[in-house]
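Residue-level structural notes
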Protein chains: 2
Amino acid sequence: MGDYNIATYARRRRPLDPISVSIIEDDHDIRASLSLIIDGAEGFECISNYGDAETALQDISQDMPDVILMDIELPGMSGIDCVRQMKKQMPECDILMLTVHDHDKIVFESLCAGACGYLTKNTRPRHILNAIREVRSGGAPMSTNIARMVVNSFKTRHSVGLSDREREVLSQLCTGKSYKMIADTLFISSDTVRSHIKNIYKKLEVSSNAEAVARALKEKLV
Amino acid sequence: MGDYNIATYARRRRPLDPISVSIIEDDHDIRASLSLIIDGAEGFECISNYGDAETALQDISQDMPDVILMDIELPGMSGIDCVRQMKKQMPECDILMLTVHDHDKIVFESLCAGACGYLTKNTRPRHILNAIREVRSGGAPMSTNIARMVVNSFKTRHSVGLSDREREVLSQLCTGKSYKMIADTLFISSDTVRSHIKNIYKKLEVSSNAEAVARALKEKLV
DNA sequence: TGAAAAATCACCCGTTCGGGTCATATCGCC
DNA sequence: GGCGATATGACCCGAACGGGTGATTTTTCA
C-alpha cells in the first residue's frame with residue numbers, strides 16, 4: 001500500500017517517463033511482436049509479459065505497469081476475470097483489451113469488469129501506440145465498430161408497443177414506487193394504476209413488479 | 001417514404017459522393033465557420049444549417065443529410081429533444097453532438113436520444129472532419145474525456161457492502177423471480193431468501209422489491 | 001361518422017410480500 | 001475463547017399485489 005502510493009506519486013511527478021506496459025497474451029508470436037512494437041517506440045517501455053492470467057496476477061504487482069494489454073482467450077482464467085482481479089490489485093492501472101472478439105456480450109462484460117478500452121486485433125501498430133497514449137491521458141480508445149456498439153447500447157428502445165401513459169406508469173414503477181404513490185404522482189386512482197400495470201404485464205409478458213422493472217431497465221424501454 | 005428509400009439507395013450506390021452535412025446551432029458565427037470548414041474540405045458538403053430546432057425539424061427532411069451536427073443549447077426546444085424527433089423522421093441519419101457540455105447527464109441523455117457521437121466544442125476543425133468521416137463509416141466519434149465517461153458508466157460498482165450471498169440473491173431478484181423461485185434456484189428455504197432480502201433492503205435503504213431491483217440495476221451493484 | 005384503442009375507475013379474491021421477532025450453526029478475527 | 005458478521009430457518013400479521021371481470025369516457029384514425 002505504501003509502495004503503491006509512492007509509485008503513483010512518482011508517475012505523477014515525472015510525466016515524461018516512458019509509459020510502462022505489460023502484455024498478457026497466450027500466443028507467443030503476438031506477444032513478442034507487441035513487445036517489439038512497444039519497446040521500439042519512443043516514450044514506451046514494455047516491462048513484462050505473461051502467457052496466462054494466473055501467473056500475471058501473481059507477479060504483476062511487482063511490475064506496476066501504467067497500462068496492460070489484455071487478451072481475452074487465455075488458457076485457464078479468462079482475460080475478463082483477470083481484469084476484474086487486476087483492478088482490485090491496481091485500480092490506477094489502465095487495462096486495454098486487445099482481442100479478436102467483437103460480440104456485444106464479451107465487449108460489455110470486459111467494460112463492466114473494468115477495462116478502459118477495447119481494440120480488435122486487426123488494429124495497426126501505430127494505432128495501438130496511440131491508444132496507449134490516449135488511455136493514459138484519460139481517454140477510452142476503442143475500435144470504431146466497438147465504439148458504435150457501446151454508444152448504441154444507450155439508445156432507448158421503444159420496441160414493445162406500450163402507450164405513452166403505460167410508459168409513464170412503468171417509469172414510475174422503475175423508481176420503486178407503490179401503486180398508491182404512483183397514483184398520487186399521476187393524479188389518478190390506484191385502481192387505474194393497477195389497470196395500466198396489468199396491461200403492461202401483458203405486453204411485456206411478465207407477471208410481477210420486479211420482472212417488469214428488470215425488463216424495463218435492462219431493455220431500456222423507458 | 002419512396003423518396004427516402006431512393007435516397008438511401010443512391011447513397012449506397014455512390015460512396016464517392018461527398019458526405020452531406022447539416023448544422024443546427026444557434027450561434028451565427030459558429031454556424032458560419034462550421035459551414036466554411038465543411039464546404040472547404042474535399043469530400044464534404046454542407047447542405048443546410050439552422051438556428052433552432054423547430055425550423056430544422058420542419059425543413060430538414062427535404063435536405064436528407066448524411067450527418068447532422070447538433071448543438072444542445074438552442075432557443076426553444078433543446079438539441080436533445082431535437083435528436084429524438086430527428087431520429088424518428090430519419091433513422092438512417094447520423095447525428096453528432098457538438099457542444100460545450102460535458103456533464104454525465106447531458107451526455108447520456110444525448111446518446112439515449114439517438115446521437116451517434118459526442119464532440120466537445122474545443123475540437124479542432126480537422127478532427128471534426130475526421131469525426132464526420134468516422135461516424136459515416138460506422139463509428140461513434142467522441143472526445144477523449146467523453147469516451148472515458150461512457151466506458152466508465154459500464155463499470156460494476158460494489159460500493160454498498162453486500163455479502164456475496166446477498167449479491168447472489170439480489171441478482172436473482174433482478175431477473176424477476178419470486179422468493180419461492182429464488183429459493184429453489186439457490187437450494188435454500190424461501191424463508192431464508194426472505195431473510196437475506198430483508199438484510200439487503202436495510203443495506204440499500206429500500207423497502208420494496210421494485211425499489212431494490214431499480215437501485216441494483218441503475219447503480220450496477222450486481 | 002363510427003369502430004378501435006387508450007385512459008379512467010371499481011370490486012372480489014387469493015397469494016405474496018414486508019416487517020417484526022427469534023433461533024441455530026459457521027466462520028473469521030482480535 | 002468469544003464477539004461479530006453471515007447463512008440458514010421458522011412463525012405471525014397486516015398491507016400490497018396479481019388476476020379476473022366489467023364499465024364509462026375520451027382520443028384516434030380510417
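Quick note: structure is the one above.
Analysis parameters
- Residues numbered from 1 in each chain as written.
- Chains lettered and ligands numbered in written order.
- Predicted model: local features only at pLDDT ≥ 70, side-chain atom pairs only at ≥ 80, totals over all residues.
- Heavy atoms only, no water.
- Phe/Tyr/Trp six-rings, centres within 6.5 Å; stacked < 30°, edge-to-face > 60°.
- Helix = DSSP H or I, 4+ residues; strand = E, 2+ residues; numbered from the N terminus.
- 1 Å grid on protein atoms, 1.4 Å probe; cavity = no way out; pocket = protein on both sides within 12 Å on 5 of 7 lines; lining within 4 Å.
- Points joined across faces, edges and corners; volume = space filled by probe spheres on them.
- Salt bridge = Lys/Arg side-chain N within 4 Å of Asp/Glu carboxyl O.
- Contact = heavy atoms within 4.5 Å.
- Buried area = accessible area lost by both parts, 1.4 Å probe.
- Buried < 20%, exposed > 50% of the residue type's maximum accessible area, 1.4 Å probe, protein only.
- Arc of directions from axis to C-beta.

1. Re the packing of aromatic side chains
The way to describe two aromatic rings as a pair is by their centre distance and the angle between their planes. Within the structure shown, the criterion is met by three aromatic pairs over all chains. Here Phe108(A) and Phe154(B) contribute two aromatic rings whose centre-to-centre distance is 5.3 Å and whose plane-to-plane angle is 10°, an arrangement assigned as stacked. Taken together, the residues span two chains, with Phe108(A) in helix α5 (residues 104-113) and Phe154(B) in the loop between α7 (144-152) and α8 (164-173). An angle of 75° between the planes, with centres 6.1 Å apart, marks the rings of Phe154(A) and Phe154(B) as edge-to-face. Of this pair, Phe154(A) sits in the loop between α7 (144-152) and α8 (164-173) while Phe154(B) sits in the loop between α7 and α8, placing the two residues on different chains.

2. Focus on the layout of surface pockets
Empty space among the atoms becomes apparent when a probe as large as a water molecule is rolled across them. Considering only enclosed or pocket space, the largest pocket measures out at about 1700 Å³ in volume. Residue lining of the largest pocket: 38 residues in total, with Lys220(A), Ser153(B), Phe154(B), Leu217(B) and Lys220(B) positioned closest to the centre. Those elements giving two or more residues to the lining of the largest pocket turn out to be α4 (79-89), α5 and α11 (209-218) of chain A together with α5 (104-113) and α11 (209-218) of chain B. For the lining of the largest pocket, the element with the most residues is α5(A), which contributes five residues.

3. Digging into the pattern of salt bridges
Residues and elements named next belong to chain A. What the rule picks out here adds up to 22 salt bridges over all chains. Its salt-bridge partner being Lys 105, residue Glu 109 comes within 3.4 Å of it at the nearest N-O pair. Here Lys 105 and Glu 109 lie together in helix α5, a separation of four residues that amounts to about one turn. Arg 165 is the partner of Glu 168 in a salt bridge, and the nearest nitrogen-oxygen pair spans 3.2 Å. With a gap of three residues between them, Glu 168 and Arg 165 both fall in helix α8, about one helical turn apart. One salt-bridge network, held together by shared partners, links Glu 25, Asp 71 and Lys 121.

4. Remarks on the interface of chain A and chain B
Contacts between the two partners involve 35 residues from chain A, matched on the other side by 35 residues from chain B. Across the chain A/chain B interface, buried area totals approximately 2800 Å², and carbon plus sulfur atoms make up 66% of it. For chain A, the biggest contributors to the area lost against chain B are Arg148(A), Val151(A) and Phe154(A); these three give 23% of the whole. Summed over the shared surface of chain A and chain B, the number is two salt bridges. When the shortest N-O distance is used, the salt bridge between Asp94(A) and Arg148(B) registers 3.6 Å. Sorting the residues of the side of chain A that touches chain B by element identifies α5, α6 (125-136), α7 and α11 of chain A as the ones contributing at least two each. With seven residues, α11(A) is the largest single contributor of residues to the side of chain A that touches chain B.

5. Let's talk about helix α9 (residues 179-186) of chain B
Since the α-helix advances by 3.6 residues per turn, residues separated by three or four positions end up pointing in the same direction. Residues and elements named next belong to chain B. Within the sequence span of α9, burial applies to Ile 182, Ala 183 and Leu 186. An end-on view of α9 places all buried positions within 105° of arc, on one side of the element. Considering only its buried residues, α9 is in contact with α8 and α10 (190-204). Phe 187, located one to two residues past α9, shows a positive phi value of around 60°.

Function cannot be read off these values alone, since they describe shape.
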